[in-house]
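Now for the letters of each chain:
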Amino acid sequence: MNNITVIGGGIAGTETAWQIAQAGIPVDLYEMRPVVKSPAHHSEELAELVCSNSFGADATDRAAGLLHEELRRLNSIIIHTADSHRVPAGGALAVDRGIFSQNLTQTLANHPLITLRREEIKAIPVEGIVVLATGPLTSPPLAQELQNLTGMDYLNFFDAASPIVVGESINKDIAFLASRYDKGEAAYFNCPMNKEQYWHFWQELRQAQQAELKDFERENAKFFEACLPIEELAQRGEETMRYGPLKPIGLFDARLGDFKENKVNGLMV
Ligand SMILES: Cc1cc2nc3c(=O)[nH]c(=O)nc-3n(C[C@H](O)[C@H](O)[C@H](O)COP(=O)(O)OP(=O)(O)OC[C@H]3O[C@@H](n4cnc5c(N)ncnc54)[C@H](O)[C@@H]3O)c2cc1C
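Residues numbered from 1 in each chain as written. Predicted model: local features only at pLDDT ≥ 70, side-chain atom pairs only at ≥ 80, totals over all residues. Heavy atoms only, no water.

**Let's talk about the overall build of the protein**
Part 1 of the argument: A tally of regular secondary structure across the protein gives eight helices and ten strands.
Part 2 of the argument: Counting all 269 residues of the protein, 33% fall into the buried class.
Part 3 of the argument: Restricting to contacts in the protein with at least 6 residues of sequence separation, those with at least 24 account for 57%. (Helix = DSSP H or I, 4+ residues; strand = E, 2+ residues; numbered from the N terminus. Buried < 20%, exposed > 50% of the residue type's maximum accessible area, 1.4 Å probe, protein only. Contact = heavy atoms within 4.5 Å.)

Okay, here's the thing in structure tokens:
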């Protein structure tokens, strides 16, 4: 059989290429990085996790967990690699993102039926079977072609990327490790704040220097309400953060005694 073309080596394209190759069909997998960079990816690895290192809840009574289990039964390379490189995260399936992507890159590069081509595809190939898996940051020429083909504007939103905090910079006399909702081992750092500290943090956050927006963020300043940047939450009101990432539920400071009485506002990192 002729080669199948997969364009885009993110998590979707990586899984697609692997499944096709495992079925005995040769694949040409095109990934534009590192020749052309995307505004959000940082590495040249396949299946780079752009934001959070979490795949969400892993229990099968949760929607994400059920999908994980279905993927395991379908021999998904993504979920098996995630399972092999998971890091403690309570009830969630979270991974060491660097090793996860490096491992997948090596596995695909070594597959005898997969040819990895580091090249930007600017127009949809007309010959053969083609799978487009170029994700939310499809490169501009190909995105333009898709726009012309469909006659549609983009369907898009702005999503916040999780900040990465250097572990050594955390004052462990103040922050404490705990499991969230008492699930799994104590894997999350929590920074307790009393009411005064919370208001101070909120005020400082509103005046703080902010990350410079990238062009695609400026153009598309439509926020995904389920994943807002913390500075945007702060702008929306004094209490807003307490209903989002700082919600005092499922966390307690064991040093304060009875957890039922001493729930804290905690910033999870
Ligand atoms: C800032 C940001 C934060 C996000 N946060 C989350 C989150 O927390 N949780 C979540 O589930 N999702 C999040 N997402 C969405 C996330 O991108 C997707 O969940 C996931 O990466 C989609 O996988 P994908 O394989 O479809 O796309 P991607 O992972 O983006 O992979 C697409 C690949 O195609 C390549 N490519 C693009 N155009 C071309 C071309 N013309 N030729 C060749 N290669 C090309 C890219 O370099 C990339 O490697 C976020 C996205 C962004 C931009």
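**Notes on the site of the ligand**
Part 1 of the argument: Taken together, 27 residues lie around the ligand, and E31, R33, C51, I121 and S139 are the ones closest in.
Part 2 of the argument: Compared with its free state, where it exposes 970 Å², the ligand has 80% of that area covered by protein.
Part 3 of the argument: Broken down by secondary-structure element, the contributors of at least two residues to the shell around the ligand are α1 (11-22) and β2 (27-31).
Part 4 of the argument: In the shell around the ligand, the residues fall into 13 nonpolar, nine polar and five charged. (Near = heavy atom within 4 Å. Areas by Shrake-Rupley, 256 points an atom, 1.4 Å probe, with all protein chains shown as cover. Nonpolar A, V, L, I, M, F, W, Y, C, P; charged D, E, K, R; others polar.)

**Quick look at the sheet that holds strand β1 (residues 4-7)**
Part 1 of the argument: Strand order in this open sheet of four strands is β6-β2-β1-β7, and the pairing throughout is parallel. With partners counted over all chains shown, the strands left at the sheet margins are β6 (114-118) and β7 (130-132), one partner each. The average angle at which neighbouring strand axes cross in this sheet is 20°, direction not considered.
Part 2 of the argument: In this structure, β1 lies alongside β7, joined through three bridges in parallel fashion. Across the sheet, residue I7 finds its bridge partner in β7, namely L132. (Pairing = 2+ DSSP bridges. Axes fitted to C-alpha atoms, helices over the stretch in contact; angles between N-to-C directions.)

**What about unusual backbone geometry?**
Part 1 of the argument: P34 follows R33 through a cis peptide bond whose omega is 0°.
Part 2 of the argument: The phi dihedral of A47 is positive, around 50°, even though this residue is not glycine.
Part 3 of the argument: Position of A47 among the secondary structure elements: in the loop between β2 and β3 (54-57).
Part 4 of the argument: The backbone of N75 shows a phi angle near 60°, a positive value even though the residue is not glycine.
Part 5 of the argument: Along the chain, N75 turns up in the loop between α2 (63-73) and α3 (77-84).

**Details of the pattern of salt bridges**
Part 1 of the argument: Scanning all chains against the criterion turns up 13 salt bridges.
Part 2 of the argument: Residue D58 pairs with R86 through a salt bridge whose shortest N-O separation is 3.3 Å. Residue D58 is located in the loop between β3 and α2, and its partner R86 is located in strand β4 (residues 86-87); the two are separated by 28 residues in the primary sequence.
Part 3 of the argument: Across the pair E69 and R73 runs a salt bridge, and its minimum N-O distance is 3.2 Å. In this pair, E69 and R73 both sit in helix α2, four residues apart, roughly one turn of the helix.
Part 4 of the argument: Judged by relative accessible area, R73 falls into the exposed class, the value being 68%.
Part 5 of the argument: Among the charged side chains, a network of salt bridges with common partners joins D58, E69, R72, R73, D83 and R86. (Salt bridge = Lys/Arg side-chain N within 4 Å of Asp/Glu carboxyl O.)

**A word on α1**
Working note: α-helix, 3.6 residues per turn, so residues spaced by three or four point in the same direction.
Part 1 of the argument: With twelve residues, α1 should reach 16 Å at 1.5 Å per residue; the first-to-last C-alpha distance of 16 Å fits that figure.
Part 2 of the argument: Where α1 is buried, its residues contact β1, β2, α3, α4 (97-109) and β6.
Part 3 of the argument: G24 sits one or two positions beyond α1 and adopts a positive phi of about 90°. (Expected span 1.5 Å × (residues − 1).)

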